Amino acid sequence: MSDTNKLVATVRTEFGKGAARRARRDGLVPVVLYGHGTEPQHFTVVARDFAAILRKDGTNAVLNLDIDGKEQLALTKQVVVHPLRNYIEHTDLLVIKKGEKVTVSVPVIVEGEPAGGTQVAQDLNEVEIEADALSIPENIVINVHNYEAGTQVTAGQLEVPAGVTVITDAEALVINVTEIAATQSEDETEDDAAEAAE
């Protein structure tokens, strides 16, 4: 997480689909900020700047909002992207405080090549973790280099940074290394096809 994720949040005075459409046309993203028992607050932020932070820090980006000159830390909770045009339609932000623990989902990335003749099946693409709001890992990496068939990694076996706790059930299977099934030779396949044709 970077301390430079500063965004100016402008209070929204217009609401509804028409107002949201106008905001997006002006290069802005409608935002709702809530949490810590506060009333939901409605803002807009510059779409280009917000998208750059998401590209850099991922979907759990922590933002330093400038609201009328006052700073407020916020965690990106939900980002709604248009399915066809790929622009950010709307986002929900969660009020956070320094030193606070938050629960978020982070992607699991598989790296490396397992032993010859094996393949990796990934059962979980992301896991839920608890971490300091300012120290959320962008992802959790499993290096499967030379893993043999029969090797399994569960959520409880994931290596995570200090201060991070995996919330997902410890027994939940994340990856499973299996043997690649032997395939028929081309001659056998051709023979089978000839028999089928007869």
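Structural notes, computed from the coordinates. Remember, it's a predicted structure, so these values are computed and weren't measured experimentally. (Residues numbered from 1 in each chain as written. Predicted model: local features only at pLDDT ≥ 70, side-chain atom pairs only at ≥ 80, totals over all residues. Heavy atoms only, no water.)

1. Focus: the overall build of the protein chain
Right, so step 1: For the protein chain, the helix and strand inventory stands at three helices and 14 strands.
Right, so step 2: Among the 198 residues that make up the protein chain, the fraction classed as buried is 34%.
Right, so step 3: Looking at the protein chain alone, contacts between residues at least 24 apart form 62% of all its contacts between residues at least 6 apart.
Right, so step 4: Surface exposure of the protein chain reaches about 12,100 Å², of which carbon and sulfur atoms provide 47%. (Helix = DSSP H or I, 4+ residues; strand = E, 2+ residues; numbered from the N terminus. Buried < 20%, exposed > 50% of the residue type's maximum accessible area, 1.4 Å probe, protein only. Contact = heavy atoms within 4.5 Å. Areas by Shrake-Rupley, 256 points an atom, 1.4 Å probe, with all protein chains shown as cover.)

2. Re unusual backbone geometry
Right, so step 1: Within the chain, D68 stands out as a residue other than glycine whose phi angle is a positive 50°.
Right, so step 2: Within the fold, D68 resides in the loop between strand 5 (62-67) and strand 6 (70-81).
Right, so step 3: The phi dihedral of N146 falls on the positive side, at around 65°, and the residue is not glycine.
Right, so step 4: Structurally, the position occupied by N146 is in the loop between strand 11 (140-143) and strand 12 (152-154).
Right, so step 5: N146 sits in the partly exposed class, given a relative accessible area of 47%.

3. Structural notes on the nonpolar core
Right, so step 1: Formed by 24 residues in total, the largest nonpolar core has its most connected members in L75, I129 and I142.
Right, so step 2: Where this core is concerned, the elements lending two or more residues are strand 6, strand 8 (101-111), strand 10 (126-132), strand 11 and strand 14 (173-179).
Right, so step 3: Among the elements that line this core, the one with the most residues is strand 8, at four residues.
Right, so step 4: Discounting residues that sit within four places of it in the chain, I142 has contacts with V108, I109, V110, E111, V153, L158, V174 and I175.
Right, so step 5: Formed by 18 residues, the second largest nonpolar core is a distinct cluster that contains V29, L63, A74 and V95. (Core = buried A, V, L, I, M, F, W, Y, C linked by side-chain atoms within 4.5 Å.)

4. Points about the side chain of T44
Right, so step 1: Take T44: it is sitting in strand 4 (residues 38-46).
Right, so step 2: A residue is classified by how much of its surface remains accessible, and T44, at 8% relative accessible area, is buried.
Right, so step 3: Ignoring any residue separated from it by four or fewer positions in sequence, one finds T44 in contact with V8, A9, T10, R12, A23, L28, V29 and P30.

5. Some remarks on the environment of N176
Right, so step 1: Examined against the element boundaries, N176 turns out to sit in strand 14.
Right, so step 2: Here N176 falls in the buried class, since its relative accessible area comes to 19%.
Right, so step 3: For N176 and V153, which are 23 residues apart along the polypeptide, the C-alpha to C-alpha distance reads 6.7 Å.
Right, so step 4: Among all residues touching N176, those that are not within four sequence positions of it are Q119, V120, A121, T151 and Q152.
Right, so step 5: Of the polar contacts made by the side chain of N176, one reaches the side chain of Q152; its length is 3.3 Å. (Polar contact = N/O pair within 3.5 Å; in protein donor to acceptor, adjacent residues only side chain to side chain.)

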